[in-house]
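# Reading the structure
The residues making up each chain are set out below.
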Amino acid sequence: MIDFRSDTVTRPSEKMRTVMAQAEVGDDVYGDDPTVNDLETWAAERHGFASALFTSSGTQANLLGILSHCGRGDEYLCGQDAHNYKYEAGGAAVLGSVQPQPIENSADGSLDLAKLAKAVKPDDNHFAKTRLLSLENTMGGKVLPMAYLAQARGFAERQGLAMHLDGARVYNAAVALDVDVTQIAQHFDSMTVCLSKGLGAPVGSLLFGSQEFIARARRLRKMVGGGMRQAGILAAAGKLALAENVSRLVEDHANARYLAAQLNTLPGVSCDEASVQTNIVFLNVDQTVAIQALASTLKAQGILISPGYQGMRLVTHLDVSRSSIDRLISAWRACL
Ligand SMILES: *Cc1c(COP(=O)(O)O)cnc(C)c1O
């Protein structure tokens, strides 16, 4: 199967499976798993933070992050399209009684600072207490400009807000900008990274922050059932993913641009090639194309896409090559 639905579908390589099989393990709830401890210590330093926590998912890492910054009755500012607002089952509100204050995302994925300023609540007992600004990078495959990050940091400092980065795909941003990930991370008090997307690990994310912040997050992780035992098997895959699969993200980005150009050769399909900055390609399909039927025909030929309503998102990753893209395009053309 060639799977364009997401970069979460990547399978662990033979080498990764070997590293997992050979990982030294212990009970991580007792702090005894040497492979988890090694990943957390190494990754904290690598990303420029004092401490790190290995979590079961990016959703859990965001939840623990928001709940470690904010208490009951506090508020976080985020994008209307933010993953930690829209796609995480309202976890911060449901489990933490933390109110989200979403702001419409600008076309480049950023949040307008003037709009954010209006949303920060005065200290008045009518209002929730605004505590945190949460950004996402990449946001819908778009890279937040470095200059914007510095401006947002200045804004947060003036307003007395902490800053969190949902960095599920922050390595796609770093690679696209050709900067070290710490140059992005330096602007934030906390950050998450998904190991299980384009980096190719089967499970897991990291949450970064100060010692005290991660100590709070560790307690909350236990509370939500995220204390894992011989988790070194997973942490070993995560460390290999960070060590080996970052530099190859440039290939995914080049493949995404190639995919966008090829899609534009298909009748009834349009794709804004200039908007493809990383590994995610958005396209529009006109009314003459029956997307559901197209998806089932492609599936019968071993190609998976997730059809939307006359629109779609295709994602490149380490299990998608140039020839996979050529196969998709010729199968699609044949359907038409
Ligand atoms: C995928 C994703 C998450 C959540 O990660 P899971 O591991 O799927 O829970 C969070 N934020 C962003 C931006 C994501 O793309």
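An account of the accompanying structure is given in this report. (Residues numbered from 1 in each chain as written. Predicted model: local features only at pLDDT ≥ 70, side-chain atom pairs only at ≥ 80, totals over all residues. Heavy atoms only, no water.)

## Observations regarding the site of the ligand
Our working rule: Any residue with a heavy atom lying within 4 Å of a molecule or strand is counted as near it. Here a polar contact is taken to be a pair of N or O atoms separated by no more than 3.5 Å, where protein atoms must pair a possible hydrogen donor with a possible acceptor and residues adjacent in sequence count only if both atoms sit in side chains. Residue-level accessible areas treat just the shown protein chains as cover; the underlying method is Shrake-Rupley with a 1.4 Å probe. In DSSP terms, a helix is any run of H or I states spanning at least four residues, a strand is any run of E spanning at least two, and both are numbered starting from the N terminus.
Every residue lining the ligand is accounted for by Ser-57, Gly-58, Thr-59, Asn-62, His-83, Glu-88, Glu-136, Asp-166, Ala-168, Arg-169, Cys-194 and Lys-197. Take Asp-166: an N or O atom from its side chain is 2.6 Å from a nitrogen atom of the ligand. Within the side chain of Lys-197, an N or O atom sits 2.5 Å from an oxygen atom of the ligand. Within the complex, the protein chains bury 83% of what would otherwise be the 380 Å² of accessible surface of the ligand. Sort the elements by how many residues they give to the shell around the ligand and helix H3 (residues 58–69) lands first, with three residues.

## Some details on the side chain of Ser-51
As a reminder of what qualifies: Remark: exposure states derive from per-residue accessible area (1.4 Å probe, protein chains only) relative to the maximum for the residue type, with buried under 20%, exposed over 50%, and partly exposed in between. We call two residues in contact whenever any of their non-hydrogen atoms come within 4.5 Å of each other.
Looking at the element boundaries, Ser-51 is found in strand S2 (residues 51–55). Using a relative accessible area of 11% as the deciding quantity, one classes Ser-51 as buried. Leaving out residues up to four positions away in the same chain, Ser-51 has contacts with Ala-44, Leu-207, Phe-208, Gly-209, Ser-210, Gln-211 and Ile-214.

## As for the layout of surface pockets
So the rule is basically this: Any residue with an atom within 4 Å of a point lines the site, the site being either a cavity, points on a 1 Å grid over the protein atoms alone where a 1.4 Å probe fits but cannot get out, or a pocket, an open set with protein on both sides within 12 Å along at least 5 of 7 lines. Grid points are joined across faces, edges and corners, and a volume is the space filled by probe spheres set on the points. Charged residues are taken to be Asp, Glu, Lys and Arg, nonpolar residues to be Ala, Val, Leu, Ile, Met, Phe, Trp, Tyr, Cys and Pro, and polar residues to be all remaining types, Gly included. Start and end points for every domain follow an automatic or database-based domain assignment.
Its boundaries defined by the atoms lining it, the largest pocket holds a volume of some 650 Å³. Listing elements by their share of the lining of the largest pocket, those giving two or more residues are helix H4 (83–86) and strand S10 (280–285). At three residues, the largest contribution of residues to the lining of the largest pocket is made by S10. The residue inventory of the lining of the largest pocket, partitioned by class, reads eight nonpolar, nine polar and eight charged. In this structure, the lining of the largest pocket is formed jointly by two domains, domain 1 (11–244) and domain 2 (248–335), each of which donates at least three residues.

## Some details on the packing of helix H8 (residues 170–177) against helix H12 (residues 249–263)
Stated formally: What counts as an axis is a line fitted to C-alpha atoms, over the stretch in contact for a helix, and the angles between N-to-C directions run from 0 to 180 degrees. Here the angle decides the label: under 35 degrees means roughly parallel, over 145 means roughly antiparallel, 65 to 115 means roughly perpendicular, and every other value means oblique.
Two elements in contact, H8 and H12, have axes whose closest approach is 9 Å; the angle formed by their N-to-C orientations is 80°. In terms of their interaxial angle, H8 and H12 are classed as roughly perpendicular. Residues Tyr-171, Asn-172, Val-175 and Ala-176 of H8 pack against Leu-249, Val-250 and His-253 of H12. Among the residues making up the contact of H8 with H12, the classes are represented as five nonpolar, two polar and no charged.

## Looking at the pairing of strand S6 (residues 162–167)
On any regular strand, side chains alternate: one points to one face of the sheet, the next to the other face. What counts is decided by this rule: The crossover handedness rule: strands pointing away from the viewer, path from first strand over the helix to second strand clockwise, crossover right-handed. Think of it this way: DSSP has to see at least two bridges between two strands before they count as a pair.
Counting buried residues in S6 gives six out of six residues, a clear majority hidden from the surface. Here S6 shows two buried faces, one formed by Ala-162, His-164 and Asp-166 and the other by Met-163, Leu-165 and Gly-167. Of the crossover connections in this fold, the one passing from strand S5 (residues 129–136) over helix H7 (residues 146–159) to the parallel S6 is right-handed. Direction of pairing for S6 relative to strand S7 (residues 190–194): parallel, over a ladder of four bridges.

## Let's talk about the nonpolar core
As a rule of thumb, soluble globular proteins bury nonpolar side chains together. Note the threshold: Definition used in this section: a nonpolar core is a set of buried Ala, Val, Leu, Ile, Met, Phe, Trp, Tyr and Cys residues joined via side-chain atoms within 4.5 Å.
Formed by 54 residues in total, the largest nonpolar core has its most connected members in Phe-54, Leu-133, Leu-135, Tyr-171, Ile-184 and Leu-199. Tallying contributions element by element places helix H11 (residues 232–244) first for this core, with six residues. The residues contacting Leu-135, other than those within four sequence positions of it, are Leu-111, Leu-144, Tyr-148, Leu-149, Ala-152, His-164, Leu-165, Asp-166 and Phe-188. The next biggest cluster of nonpolar side chains, apart from the first, holds 28 residues, and it includes Leu-266, Ile-291, Leu-298 and Ile-305.

## Structural notes on the pattern of salt bridges
For clarity, the threshold we go by: We define a salt bridge as a side-chain nitrogen of Lys or Arg found within 4 Å of a carboxyl oxygen belonging to Asp or Glu.
A full pass over the atoms with the stated rule returns 15 salt bridges. Among the ionic pairs, Lys-121 bridges to Glu-75, the shortest N-O distance being 3.0 Å. Here Glu-75 lies in strand S3 (residues 74–79) and Lys-121 lies in the loop between helix H6 (113–119) and S5, a separation of 46 residues in the sequence. You can call Lys-121 partly exposed: its relative accessible area is 22%. Relative accessible area serves as the criterion here: at 0%, Glu-75 is assigned to the buried category. Between Asp-189 and Arg-153 there is a salt bridge; the shortest N-O distance is 3.3 Å. One end of the pair, Asp-189, is in the loop between helix H9 (181–185) and S7; the other, Arg-153, is in helix H7, and 36 residues separate them in sequence. The exposure class of Arg-153 is buried, given its relative accessible area of 16%. Each of Arg-153, Glu-157 and Asp-189 takes part in salt bridges that share partners, so that together they form one network.

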